[in-house]
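Per-entry structural report
Spelled out from the first residue to the last, the chains are:
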Amino acid sequence: MYAEHTTDPDRAAAPYPGDVRPADVPHPCESWPDNGRRFRETLDRIGDKWSVLVIGVLSRDTLRFGALHQRIPGVSQRMLTLTLRHLERDGVVSRTVYAEVPPRVEYQLTPLGESLRAIVHALAQWVTDHHEEIDSARHRYDAG
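First, a word on scope: everything that follows refers to the structure included in this document. (Residues numbered from 1 in each chain as written. Predicted model: local features only at pLDDT ≥ 70, side-chain atom pairs only at ≥ 80, totals over all residues. Heavy atoms only, no water.)

What to know about the sheet that holds strand E1 (residues 63-64)
Picture the strands of a sheet paired through backbone hydrogen bonds; they go either parallel or antiparallel. Spatial ordering of the open sheet is given by E1-E3-E2, a layout of three strands whose pairing is antiparallel. In the strand order of this sheet, the two ends are held by E1 and strand E2 (93-98), each with one partner. Of the strand pairs in this sheet, E2 and strand E3 (residues 104-109) are connected by six bridges, and their pairing is antiparallel. Its bridge partner being in E3, threonine 96 is matched across the sheet by glutamate 106. (Pairing = 2+ DSSP bridges. Helix = DSSP H or I, 4+ residues; strand = E, 2+ residues; numbered from the N terminus.)

Re the pairing of E3
Pairing analysis gives two bridges linking E1 to E3, with the strands arranged antiparallel. Each bridged residue has a counterpart across the sheet, and for arginine 64 the counterpart in E3 is glutamate 106. The loop that links E2 with its antiparallel partner E3 comprises five residues.

Examining a nonpolar patch on the surface
Where nonpolar side chains cluster on the molecular surface, the patch consists of Leu123, Trp126 and Val127 and spans about 290 Å² of accessible area. One can find leucine 123 in helix H6 (residues 117-143). Looking at leucine 123, the relative accessible area reads 43%, which means it is partly exposed. (Patch = residues over 30% accessible without salt bridge, like charges linked within 9 Å, V, L, I, M, F, W, Y side chains within 5 Å. Areas by Shrake-Rupley, 256 points an atom, 1.4 Å probe, with all protein chains shown as cover. Salt bridge = Lys/Arg side-chain N within 4 Å of Asp/Glu carboxyl O. Buried < 20%, exposed > 50% of the residue type's maximum accessible area, 1.4 Å probe, protein only.)

Thoughts on the packing of aromatic side chains
Aromatic rings in a pair are described by how distant their centres are and how their planes are angled relative to each other. Overall, the coordinates contain zero aromatic pairs when judged by the stated rule. Arginine 104 extends its terminal NZ or CZ atom over the ring of tyrosine 98, reaching a point 3.8 Å from the ring centre. (Phe/Tyr/Trp six-rings, centres within 6.5 Å; stacked < 30°, edge-to-face > 60°. Lys NZ or Arg CZ within 6 Å of the ring centre and 35° of its normal.)

Pasting the structure below:
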């Protein structure tokens, strides 16, 4: 569902039924103040592959770094560390350090991160449902 982008906090977002946007109303991707800089920065952070996977995995449980690393195949420890720091900075993930020996550190989604749960799951489901079509399209493109 699309919502009208507005900078006026007193003006409520106006959804368009059935995801149909009138031709004279710009799509949110094409009508942002600051020429979309903040939109691109946020999408770059939240939409990168490692962030999506971290959000998806943390949507099921609070995890320690090692467990999170094991559940995300292919991510290096360095990339996971950077991703967690960026998501923590953006308020999507919280990091809790327990005063134990050795220290125990756990990561979980914040309420803001929880608000991404359905979006990330929908994206993951779409990839799962369409990966064969995408592979076929890639093979046709590369062959032609």
